Amino acid sequence: MANIKPVGGATQQIAASALRAQQARMRIVAENMANAQSVSRQPGGDPYRRQIPVFTPMKMDAGQGVRMSKVEPDRKEFRSVYDPSHPSADEKGYVKLPNVDLLIETLDMKEAQRAYEANLNIIETARSMEMRTLDLLKK
């Protein structure tokens, strides 16, 4: 019985890294959604620019996890609308709007939530398997 190594601990560490990464992703998506209508305070200035989380593999004791390594600005063009009466309008009367698409952000949030739930299920399943193994070893 000395050769029995619990695999749940490693599995749980890897899944926990994914939980943290998805949690960070959800924060970025929430920030994007909150700023979807934020315009510049200066005439002709740039509005809020959508942020994109970047994930990288992370070496762990028993495998490879994931982490959010940085956040990069989305280089997509800003939207613009003609509204010469707006305080942020440029000399031609156009107001730059953020490059945030609420539909895309909603889908990203759903995907992050599902990935979070899947990794939470992995942790719960690994714990359950460990407990069942311990129960079997007691008999």
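Look above for the structure.
For clarity, every value in this text was computed on a predicted model and none was experimentally measured.

Here's the deal with the packing of aromatic side chains
Across all of its chains, the model carries one aromatic pair by this definition. Between the aromatic rings of Tyr 82 and Tyr 94, the centroid separation amounts to 5.3 Å while the plane-to-plane angle is 65°, which identifies the pairing as edge-to-face. Taken as a pair, Tyr 82 in strand S3 (residues 79-82) and Tyr 94 in strand S4 (residues 94-97) lie far apart in primary sequence, twelve residues in all. A relative accessible area of 56% means that Tyr 82 is categorised as exposed. Overall, the relative accessible area of 38% leaves Tyr 94 in the partly exposed class.

Considering the pattern of salt bridges
If you walk through the whole model with that rule in mind, you get six salt bridges. Notably, a salt bridge pairs Asp 46 with Lys 96, separated by 2.8 Å at the nearest N-O pair. Of the two residues, Asp 46 sits in the loop between helix H1 (8-34) and strand S1 (51-60) while Lys 96 sits in strand S4, which places them 50 residues apart along the sequence. On the basis of relative accessible area, Lys 96 is assigned to the partly exposed category, the value being 31%.

A short note on the environment of Glu 91
Here Glu 91 shows up in the loop between S3 and S4. Sequence spacing of Glu 91 and Gly 44 is 47 residues, and the spatial spacing of their C-alpha atoms is 7.3 Å.

Considerations on a nonpolar patch on the surface
Together, Leu 103, Ile 104 and Leu 107 make up a nonpolar patch on the protein surface, roughly 280 Å² of accessible area in all. When you line up the elements, Leu 107 lands in helix H2 (residues 102-138).

Regarding the side chain of Asn 99
Note that Asn 99 resides in the loop between S4 and H2. At a separation of 2.7 Å, a polar atom in the side chain of Asn 99 contacts the main-chain amide nitrogen of Arg 50. A polar side-chain atom of Asn 99 sits 3.1 Å from the main-chain carbonyl oxygen of Lys 76. The residues contacting Asn 99, other than those within four sequence positions of it, are Tyr 48, Arg 49, Arg 50, Asp 74, Lys 76, Glu 77 and Phe 78.

Describing the pairing of S1
Pairing of S1 with strand S2 (residues 63-73) involves ten bridges; the strand directions are antiparallel. From the neighbouring strand, Thr 56 faces S2, where its bridge partner is Arg 67. In this antiparallel pair of consecutive strands, S1 and S2, the connection spans two residues.

Description of H2
Taking 1.5 Å per residue as the helical rise, H2 with its 37 residues ought to reach 54 Å, and the 54 Å between its terminal C-alpha atoms agrees with that figure. When we look at burial in H2, the residues that qualify are Glu 105, Asp 108, Met 109, Ala 112, Asn 119, Ile 123 and Ala 126. Between the side-chain oxygen at the start of H2 and the backbone nitrogen of Leu 103 there is a gap of 3.0 Å, and the oxygen is on Asp 101.

The rules behind each value
- Each chain has its residues counted from 1, following the order in which its sequence is written.
- Given that the model is predicted, a residue must reach a pLDDT of at least 70 before its local features are reported, and side-chain atom pairs must reach 80 or more before they are shown or counted; all residues, however, enter totals for whole chains, interfaces and linings.
- Water and hydrogen atoms were dropped before computing side-chain values, which therefore reflect all heavy atoms in the structure.
- Any two of the Phe, Tyr and Trp rings considered here, Trp counted by its six-membered ring, make a pair once their centres fall within 6.5 Å; the pair's planes then place it as stacked at under 30 degrees, edge-to-face at over 60, or tilted in between.
- Helix and strand definitions follow DSSP, with helices as H or I runs of at least four residues and strands as E runs of at least two, each counted in order from the N terminus.
- With a 1.4 Å probe rolled over the protein chains alone, any residue whose accessible area is under 20% of its type maximum counts as buried; one over 50% counts as exposed, and the rest are partly exposed.
- Salt bridges are defined as contacts in which a side-chain nitrogen from Lys or Arg sits within 4 Å of a carboxyl oxygen from Asp or Glu.
- Residues form patches when they are more than 30% accessible in relative terms and have no salt bridge. Like charges link within 9 Å. Nonpolar side chains (Val, Leu, Ile, Met, Phe, Trp, Tyr) link within 5 Å.
- Per-residue and other accessible areas follow the Shrake-Rupley method at a 1.4 Å probe size, with only the shown protein chains counted as cover for residues.
- Contacts described as polar in this section are N or O atom pairs within 3.5 Å, which, within protein, must combine one atom able to donate a hydrogen with one able to accept it, while residues neighboring in sequence count only if both atoms come from side chains.
- The contact definition used throughout considers only heavy atoms, calling two residues in contact when any of these lie within 4.5 Å.
- Two strands pair under a simple rule: DSSP has to find at least two bridges between them.
- By definition here, a helix of n residues has an expected span of 1.5 Å times n minus one.

Function cannot be inferred from these measures alone, as they are strictly geometric.
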